Amino acid sequence: MTGWNAWAICAWGVAWREMLRFFQQKERFFAALVRPLVWLIIFAAGIRAVLGIPPQPPYQTYMTYDDYVVPGLCAMIQLFNGMQSSLSMVYDRETGAMRTLLVSPFPRWYVLTCKLFASVTVSLVQVYTFLLIAYFWGIEPPAWGYLTALPALILSGLLLGAIGLLLSSAIKQLENFAGVMNFVIFPMFFASTALFPLWRIREGSLEVYYIAAFNPFTHCVELIRFALYLDVSWLSLGVVVGGIAVFLGAAVVAYNPSRGLMARRGRG
Amino acid sequence: MPGVLDGAAPPALSVAGVAHHYGRTVALDDVTLAVRPGTFTVLLGVNGAGKTTLFSLITRLFATQQGAISICGASLSETPSQALRSLGVVFQSRALDANLTVAQNMIYQGALYGIGRRTSLARGLALLDQIGLADRIDHKVGRLSGGQQRRVEIARALLHEPRLILCDEATVGLDVKSRTDIVATLHRLAAETGIGVLWTTHLIDEIEPDDPVYLLHKGRVCAHGSAAEIAQAHGAGGSLSDAFLALTRADQAGATGAA
């Protein structure tokens, strides 16, 4: 284990295993695609008739609801993937596979970051497959948008994965995870700009507006939305990058054997 | 303490004065032990004796609260990376990915130690050959028997060529033949390669008379020496079973010292 090459091999190995597991779980890939497609094809079809999006950054012209909802669905894929990844970490911890990762001689922060990047890589495959299907459904962002969205998707994936990582460190048993999913995924998704713009939410409820404005998932959605349309939301970029630092830092502390939740977990 | 600092080469494992608490509950109290290179050393104790806690400390899953642990001379708290590099681990619970092949598990394990794909496969195949499972390298782990999976786990733990291997009740749930094979494999490995083995168990029939044994009870080492010496000193009938029962029943938590 010497030199940068060994570090790169470690990162590659963790990502490779994550991809292998993902492609072996075909139902997971299928579910990851069906979920946003149901929203796009059924839900958006119903809403399209009553809600259009007037010109507002990053859109130059009037947009249909289908166009509006796609970035939110990309972020939804990453949200579910981040939680799925943390679910697999809880499972790995129960079966002992997680311990294999944690006794690696590489620093724990590095191993956990590798795990996080591996999860993001999986989410990118899902998102771009979804975007391809959406293209044939008539959602056609600028061609360069597919490229400029990549860094935004990486950052949003890292933030949502880091939240999942932190959650996985706090969950003692696999059975507890379903409850956490309900208390994390659904509130984060619905109280955000994934489905409706902030101005529309404000018209309905000022309280929900404030929740959505401070919801980190909102900023993941907006970062992707702006990037997909060749623009940058600096506010969202700042929130997402700051969020990665906070949640990843907290997860690393939580997995630290002397300071974090692992140390308080009790008899191993 | 005999056995800790004897000889010129550093012990494969040195545990000195280690204590660990869960809140107010004392899990380990002043535990000192050593594993010399080339020995199959046994950590014997009933369930709840503190074996798994000690195991978690040696693997750095928990941080050391009191005392010092070093692996091949490298301090676990000061140079954890160097210490963990010399350590191979077989956990009590299954740690292989059942959905991947044996080869894929080997590649993944190698990557966690910075070892490339080709080297991992070559070393993995050689290790599997030694334990008679080379023909299973492309099989999914989930299709192997419990005993075969355990042997694959041992091969995997040796992939990065550690100088110390820890096995935490590695034969739990296996039939007698599988258990015997695995214990014999590790004895042979220790003798032939000079690797240190720390074998935690509560099954006395896995212990050979010459094996160094540390008997852990209620978080303290209540006897140590060779299995034969402990049996002689504490077993009324001259067997290790009798000695084990006598020491654990008598609740001699404070009676430390060589057999």
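Definitions and cut-offs
Residues numbered from 1 in each chain as written. Chains lettered and ligands numbered in written order. Predicted model: local features only at pLDDT ≥ 70, side-chain atom pairs only at ≥ 80, totals over all residues. Helix = DSSP H or I, 4+ residues; strand = E, 2+ residues; numbered from the N terminus. Contact = placed C-beta atoms within 7 Å. Expected span 1.5 Å × (residues − 1). Nonpolar A, V, L, I, M, F, W, Y, C, P; charged D, E, K, R; others polar. Axes fitted to C-alpha atoms, helices over the stretch in contact; angles between N-to-C directions. Left-handed = near helix turned anticlockwise from the far one by under 90°. Pairing = 2+ DSSP bridges. Parallel < 35°, antiparallel > 145°, perpendicular 65-115°, else oblique. Bend = angle between axes of the 7 residues up to and from the residue. Core = buried A, V, L, I, M, F, W, Y, C linked by C-beta atoms within 7 Å. Buried ≥ 20, exposed ≤ 12 C-beta atoms within 10 Å, placed from the backbone.

**Re the overall build of chain A**
At step 1: Within chain A, the regular secondary structure consists of twelve helices and zero strands.
At step 2: Taking the contacts inside chain A whose residues are at least 6 apart along the sequence as the reference set, 76% of them involve residues at least 24 apart.

**Examining helix α5 (residues 108-136) of chain A**
At step 1: The end-to-end C-alpha distance of α5 of chain A, which contains 29 residues, comes to 43 Å, matching closely the 42 Å that a straight helix rising 1.5 Å per residue would cover.
At step 2: Positive backbone phi, approximately 105 degrees, marks Gly138 of chain A, located one or two places after α5 of chain A.

**Some points on the interface of chain A and chain B**
At step 1: The interface is formed by 28 residues belonging to chain A together with 30 residues belonging to chain B.
At step 2: Elements that contribute at least two residues to the side of chain A that touches chain B include exactly α1 (3-24) and α4 (97-102) of chain A.
At step 3: Of the residues forming the side of chain A that touches chain B, the biggest block, eleven residues, is contributed by α1 of chain A.
At step 4: Class assignment for the residues of the side of chain A that touches chain B results in 15 nonpolar, nine polar and four charged.

**Details of the packing of α1 of chain A against helix α3 (residues 102-112) of chain B**
At step 1: Running from N to C, α1 of chain A and α3 of chain B cross one another at 145 degrees; their axes reach a closest spacing of 7 Å. Viewed along their axes, α1 of chain A and α3 of chain B form a crossing whose handedness is left-handed. Contacts between α1 of chain A and α3 of chain B pair Ile9, Cys10, Trp12, Gly13, Val14, Arg17 and Leu20 of chain A from the former with Gln104, Ile107, Tyr108, Ala111 and Leu112 of chain B from the latter.

**So, the sheet that holds strand β3 (residues 40-44) of chain B**
All names here are of chain B.
At step 1: Reading across from one edge, β6-β7-β8-β3-β9-β10 is the order of the six strands in this open sheet, with mixed pairing throughout. Where the open sheet ends on each side, the last strands, each with one partner, are β6 (87-90) and β10 (220-226). The mean angle between the axes of side-by-side strands here comes to 15 degrees, regardless of whether they run parallel or antiparallel.
At step 2: As defined by bridge partners, strand β9 (residues 212-217) adjoins β10 across six bridges and the pair is classed as antiparallel. Each residue of the ladder has a partner; that of Pro212, found in β10, is Ser226.
At step 3: Each of β9 and β10 is contacted by helix α7 (residues 227-234), which is oriented at about 115 degrees to β10, the strand it contacts most.

**Side note on the sheet that holds strand β2 (residues 25-35) of chain B**
Residues and elements named next belong to chain B.
At step 1: Across the sheet, four strands lie side by side as β2-β1-β4-β5; this open sheet has antiparallel pairing. Of all the strands in the sheet, just β2 and β5 (74-75) have a single pairing partner and so form its edges.
At step 2: Inspection of the sheet shows strand β4 (residues 66-71) paired to β5 by two bridges, in the antiparallel sense. For Ile71, the partnering residue across the bridge sits in β5 and is Ala74.

**Considerations on the packing of helix α10 (residues 216-228) of chain A against helix α11 (residues 234-254) of chain A**
Residues and elements named next belong to chain A.
At step 1: Two elements in contact, α10 and α11, have axes whose closest approach is 8 Å; the angle formed by their N-to-C orientations is 125 degrees. Classified by the interaxial angle, the pair formed by α10 and α11 is oblique. Classified by chirality, the crossing of α11 by α10 is left-handed. Touching Pro216, His219, Cys220, Glu222 and Leu223 of α10 are Ser236, Leu237, Val239, Val240 and Gly243, all from α11.

**Details of helix α2 (residues 26-48) of chain A**
At step 1: Between its terminal C-alpha atoms α2 of chain A stretches 32 Å, which fits the 33 Å expected from 23 residues at 1.5 Å a residue.
At step 2: Of all the bends in α2 of chain A, the greatest measures close to 25 degrees and is centred on Leu37 of chain A.

**Quick word on the nonpolar core**
At step 1: Core analysis: the largest hydrophobic core is formed by 155 residues, its most contacted members being Ala162 and Ile224 of chain A together with Leu164 and Leu215 of chain B.
At step 2: The element that contributes the greatest number of residues to this core is helix α3 (residues 65-95) of chain A, accounting for 14 residues.
At step 3: Residues in contact with Leu215 of chain B, not counting those within four places in the same chain, are Leu44, Gly45, Val221, Cys222, Ala223, His224, Ile230, Phe244 and Leu247 of chain B.

**Section: the environment of Pro142 of chain A**
All names here are of chain A.
At step 1: As for its position among the elements, Pro142 is in the loop between α5 and α6 (145-170).
At step 2: Pro142 sits in the exposed class, given 11 other C-beta atoms within 10 Å.
At step 3: Put simply, Pro142 and Leu230 are 88 residues apart on the chain and 7.6 Å apart in space, counted from C-alpha to C-alpha.

**Things to note about the pairing of β3 of chain B**
At step 1: In terms of residue burial, β3 of chain B counts as a mostly covered element, since five of its five residues are buried.
At step 2: Of the two faces of β3 of chain B, the one carrying Phe40, Val42 and Leu44 of chain B and the one carrying Thr41 and Leu43 of chain B are both buried.

**Considering the pairing of β4 of chain B**
Residues and elements named next belong to chain B.
At step 1: The pairing of strand β1 (residues 13-22) with β4 spans five bridges and is antiparallel. In the sheet register, Ala16 faces β4, and the bridge partner there is Ala68.
At step 2: Connecting the antiparallel pair β4 and β5 is a turn made up of two residues, with Cys72 showing a positive phi of about 50 degrees.

Keep in mind these values describe shape, not function.
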